Amino acid sequence: RLMREGGVRPDVVTYTALLDTCLNSLRAAGDDECVRHGRSVLDMMREDGIEPNTVSYTALINAAKLQGSPRAVQLGYETYLEMPPDSRNLRTV
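Cut-offs and rules
Residues numbered from 1 in each chain as written. Predicted model: local features only at pLDDT ≥ 70, side-chain atom pairs only at ≥ 80, totals over all residues. Heavy atoms only, no water. Helix = DSSP H or I, 4+ residues; strand = E, 2+ residues; numbered from the N terminus. Rg over C-alpha atoms; globule rule 2.2 N^0.38 Å. Areas by Shrake-Rupley, 256 points an atom, 1.4 Å probe, with all protein chains shown as cover. Core = buried A, V, L, I, M, F, W, Y, C linked by side-chain atoms within 4.5 Å. Buried < 20%, exposed > 50% of the residue type's maximum accessible area, 1.4 Å probe, protein only. Contact = heavy atoms within 4.5 Å. Axes fitted to C-alpha atoms, helices over the stretch in contact; angles between N-to-C directions. Parallel < 35°, antiparallel > 145°, perpendicular 65-115°, else oblique. Left-handed = near helix turned anticlockwise from the far one by under 90°. Nonpolar A, V, L, I, M, F, W, Y, C, P; charged D, E, K, R; others polar. Expected span 1.5 Å × (residues − 1). Polar contact = N/O pair within 3.5 Å; in protein donor to acceptor, adjacent residues only side chain to side chain.

A tally of regular secondary structure across the chain gives five helices and zero strands. Traced from its N-terminal end to its C-terminal end, the chain shows the element sequence α-α-α-α-α. The C-alpha atoms of the chain give a radius of gyration of 13 Å, which matches the 12 Å a tight globule of 93 residues would have. The principal-axis extent of the C-alpha atoms belonging to the chain is close to 40 × 35 × 15 Å. Element-wise, carbon and sulfur atoms account for 57% of the exposed surface of the chain, whose accessible area totals about 5600 Å².

Looking now at the nonpolar core. Ranked by internal contacts, the top residues of the largest apolar core, which has 20 residues, are Leu19, Leu23, Val35 and Leu42. Those elements that place two or more of their residues in this core are helix 2 (12-28), helix 3 (34-47), helix 4 (54-67) and helix 5 (70-82). With six residues, the single largest contributor to this core is helix 4. Beyond its immediate stretch of four places on either side in the chain, Val35 contacts Leu23, Leu60, Ala63, Ala64, Gln67, Ala72 and Leu75.

Turning to the packing of helix 3 against helix 4, a few remarks are in order. For the pair helix 3 and helix 4, interaxial distance at closest approach is 9 Å and the crossing angle is 165 degrees. Relative to helix 4, the element helix 3 is oriented roughly antiparallel. When you trace helix 3 past helix 4, the crossing you get is left-handed. Along its contact with helix 3, which presents Cys34, Val35, Gly38, Arg39, Leu42, Met45 and Arg46, the element helix 4 presents Ser56, Tyr57, Leu60, Ala63, Ala64 and Gln67. Residues belonging to the contact of helix 3 with helix 4 are distributed by class as follows: eight nonpolar, three polar and two charged.

Here we come to helix 4. Compared with the 20 Å implied by 1.5 Å per residue over 14 residues, the 20 Å span of helix 4 between its first and last C-alpha is a close match. The inward-facing, buried residues of helix 4 contact helix 2, helix 3 and helix 5. Where helix 4 begins, the capping side chain belongs to Asn53, and its oxygen is found 3.1 Å from the backbone nitrogen of Val55.

Here it is in structure tokens:
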């Protein structure tokens, strides 16, 4: 948000770093909504016209797997289905 307000346009690497950091900190804090928050970062990326890449999707799917709740796993699976087919690999399963 601050970058946008300052006129700096984040790229896919910036958003993916934000996503990964956000997911790791929320998971460490025991926040069971971390995957939902991660999905909102993917939505922000798309709103800015930036398509998430394989690393972005994988970060969110891994967070869902580690969180382990049925809702997190469902969101992880939905995220997997959103991925371009050429981005899907064994690390995302």
